[in-house]
Amino acid sequence: MKALVYHGPGSMSWDEVPKPTITETTDAIVKVETTTICGTDLHILKGDVPAVEPGRILGHEGVGVVTEVGSDCERVRVGDRVIISCISKCMMCDYCKAGLTSHCQTLGGIGWILGHLIDGTQAEYVRVPFADNGLIPLPEAVSAEQGTMLSDILPTGFEIGVLNGTVKQGDVVAVIGAGPVGLAAIMTAAAKGASKVIAVDGNKFRLEQSYGFGATDTVDVGATDNVVQTLKEHSRDGLGVDVAIEAVGLPATLTTALDSIRPGGHVANVGVHGEPVSFPIERHWINNITITTGLVNATTAPELLERITSGAIDPAKFVTHRFTFDEMTDAYDTFTRAADEHAIKVLITNER
């Protein structure tokens, strides 16, 4: 079969590799129909994730059809059309039972193993561990494009941004960073009942697109001298927003989030930070604020599927560029230059 193989920092190729086989009785093999590229994949290519070894097949998102199942699989059957969750989980350890599947202890304390510690979904076939828990049935009313966005990006924005940020009816929410994860937070915050959802970015295309995802207002960081003050002016009384969702992963954007919330407000950090940040506790200890972080647990797929089938949200909006598997490296080139290419998410389809 063909797959996208990582060869070390800065190097990858679309190679012929052995087809995966069942190695545990709880495994399933899935023929991948559609997959996509995550910002985490770009971090891997930069060498930012040293746990990923050369020779690893990348990818942790996709939709496909089950072709083989292990003898202990009870729910998954050959022929099932499924969403491949980015998080693998045993559902037997204490962390899984508590809903923190991203820290599955059976898997060594990390649920994100596909395309990280084991071969992933940017391939014609993928082996999925604990398949009964890691494969989600794809309803007939949900397209492969919509389903692929449910592997990772939509649950990430929803769980780590909106739910961790405890967004509630009537809240004013600032989403700092209108990239794919930020747009996922915008889409699900609006559906959760926020009265205002403010997209903050310096990319005019992303700001324009954010309205289609549910933003009520936008702030162009290049067009204002004081982003924090502008955000406070959007709040109901000038004291600041109720929730600031940080979806970039830079010290400056975290500072903006901290400074723009009201007393008693909440900063939900979703961005992946690659360098230390300073927390001015001498200013904020008195403000009764809450800061949350997290890795997606991908446990909200049933709720999000209901919202898709009801028409409340449509994650197919994320897809701006489409490629075939044989164009995998072209897809990476486009996504690497997402700002220039006006790319939000690229969809890669196996047309063989």
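I will try to describe carefully the structure that is included in this document. Keep in mind it's a predicted model, so treat the numbers as computed, not measured.

### A look at the overall build of the protein chain
Moving on, step 1. Secondary structure assignment for the protein chain yields 13 helices and 15 strands.
Moving on, step 2. Here the protein chain has a C-alpha radius of gyration of 20 Å; the compact-globule value for 352 residues is 20 Å, and the two agree.
Moving on, step 3. Projected onto its principal axes, the C-alpha positions of the protein chain cover 60 × 40 × 40 Å.
Moving on, step 4. Looking at the protein chain as a whole, 57% of its 352 residues are labelled buried.

### Re helix α1 (residues 39-46)
Moving on, step 1. By the burial criterion, the buried members of α1 are D41, L42, I44 and L45. Seen from one end, α1 has its buried residues packed into an arc of 155 degrees, which puts them on one side.
Moving on, step 2. Those residues of α1 that are buried are in contact with β1 (2-6), β2 (12-16), β3 (28-36) and α12 (328-336).
Moving on, step 3. Looking one or two residues past α1, G47 carries a phi angle of roughly 90 degrees, positive in sign.

### Things to note about the state of the cysteines
Moving on, step 1. In the structure shown here, the tally under the stated rule is 0 disulfides.
Moving on, step 2. Unpaired in terms of disulfides, C90 finds its nearest cysteine sulfur in C104, a separation of 3.6 Å.
Moving on, step 3. As a non-bridged cysteine, C96 has C93 as the owner of its nearest cysteine sulfur, 3.7 Å distant.

### Some thoughts on the side chain of S210
Moving on, step 1. Along the polypeptide, S210 turns up in helix α7 (residues 204-213).
Moving on, step 2. Overall, the relative accessible area of 0% leaves S210 in the buried class.
Moving on, step 3. At a separation of 2.6 Å, a polar atom in the side chain of S210 contacts the main-chain carbonyl oxygen of L207.
Moving on, step 4. In this view, S210 contacts L183, I186, A199, A215 and T218; residues no more than four positions away in its chain are not counted.

### As for the pattern of salt bridges
Moving on, step 1. Scanning the model with the defined rule gives 14 salt bridges in all.
Moving on, step 2. R236 is the partner of D242 in a salt bridge, and the nearest nitrogen-oxygen pair spans 2.8 Å.
Moving on, step 3. Classification of R236 as exposed rests on a relative accessible area of 54%.
Moving on, step 4. Between R307 and E303 there is a salt bridge, with the nearest N and O atoms lying 3.0 Å from each other. Taken together, the residues span about one helical turn, with R307 and E303 both in helix α11 (residues 301-310) at a distance of 4 residues.

### Observations concerning a nonpolar patch on the surface
Moving on, step 1. On the surface, a nonpolar cluster with roughly 550 Å² of combined accessible area is contributed by F279, I281, W285, I286 and I291.
Moving on, step 2. Examined against the element boundaries, I281 turns out to sit in helix α10 (residues 281-284).

### A look at the nonpolar core
Moving on, step 1. Residues L135, I245 and F318 are the most contacted members of the largest nonpolar core, which totals 87 residues.
Moving on, step 2. With residues up to four places along the chain from it excluded, the contact list for F318 reads M149, I153, L154, P180, L183, A184, M187, F213, I344 and K345.
Moving on, step 3. With 16 residues, the next largest nonpolar core counts A174, V227, L231 and V267 among its residues.

### With respect to the sheet that holds strand β13 (residues 290-292)
Moving on, step 1. Reading across the sheet, the 6 strands line up as β10-β9-β8-β11-β12-β13 and stay open at both edges, with parallel pairing between neighbours. Edge positions in the open sheet fall to β10 (217-220) and β13, since each of these has one partner strand only. For this sheet the average axis-to-axis angle between neighbouring strands, irrespective of direction, equals 15 degrees.
Moving on, step 2. Here strand β12 (residues 261-269) runs beside β13; their pairing, made up of 3 bridges, is parallel. Opposite V267, over in β13, you have I291 as the bridge partner.

### What to know about the pairing of strand β4 (residues 62-69)
Remember that side chains alternate between the two faces of the sheet whenever the strand is regular.
Moving on, step 1. Inspection of the sheet shows β3 paired to β4 by 6 bridges, in the antiparallel sense. The residue of β4 that forms the bridge with K31 is V65.
Moving on, step 2. In this sheet, strand β5 (residues 81-84) lies alongside β4 in antiparallel orientation, the contact comprising 4 bridges. Bridge pairing in β5 links V63 to I83.

### Points about the side chain of H60
Moving on, step 1. With respect to the secondary-structure elements, H60 resides in the loop between α1 and β4.
Moving on, step 2. Not counting the four nearest positions on each side in its chain, H60 is found in contact with C38, T40, D41, I84, S85, C86, W112, L114, T121, S151 and D152.

### Some words on the packing of aromatic side chains
Moving on, step 1. Here the structure, examined in full by the defined rule, presents 2 aromatic pairs.
Moving on, step 2. For the pair W14 and F325, a centre-to-centre distance of 5.8 Å together with 90 degrees between the ring planes defines the contact as edge-to-face. Note that W14 is positioned in strand β2 and F325 in the loop between β14 (319-324) and α12, a separation of 311 residues in sequence. As far as the burial class goes, W14 and F325 line up, both buried.

Rules behind the numbers
Residues numbered from 1 in each chain as written. Predicted model: local features only at pLDDT ≥ 70, side-chain atom pairs only at ≥ 80, totals over all residues. Heavy atoms only, no water. Helix = DSSP H or I, 4+ residues; strand = E, 2+ residues; numbered from the N terminus. Rg over C-alpha atoms; globule rule 2.2 N^0.38 Å. Buried < 20%, exposed > 50% of the residue type's maximum accessible area, 1.4 Å probe, protein only. Arc of directions from axis to C-beta. Contact = heavy atoms within 4.5 Å. Disulfide = S-S within 2.5 Å. Polar contact = N/O pair within 3.5 Å; in protein donor to acceptor, adjacent residues only side chain to side chain. Salt bridge = Lys/Arg side-chain N within 4 Å of Asp/Glu carboxyl O. Patch = residues over 30% accessible without salt bridge, like charges linked within 9 Å, V, L, I, M, F, W, Y side chains within 5 Å. Areas by Shrake-Rupley, 256 points an atom, 1.4 Å probe, with all protein chains shown as cover. Core = buried A, V, L, I, M, F, W, Y, C linked by side-chain atoms within 4.5 Å. Pairing = 2+ DSSP bridges. Axes fitted to C-alpha atoms, helices over the stretch in contact; angles between N-to-C directions. Phe/Tyr/Trp six-rings, centres within 6.5 Å; stacked < 30°, edge-to-face > 60°.

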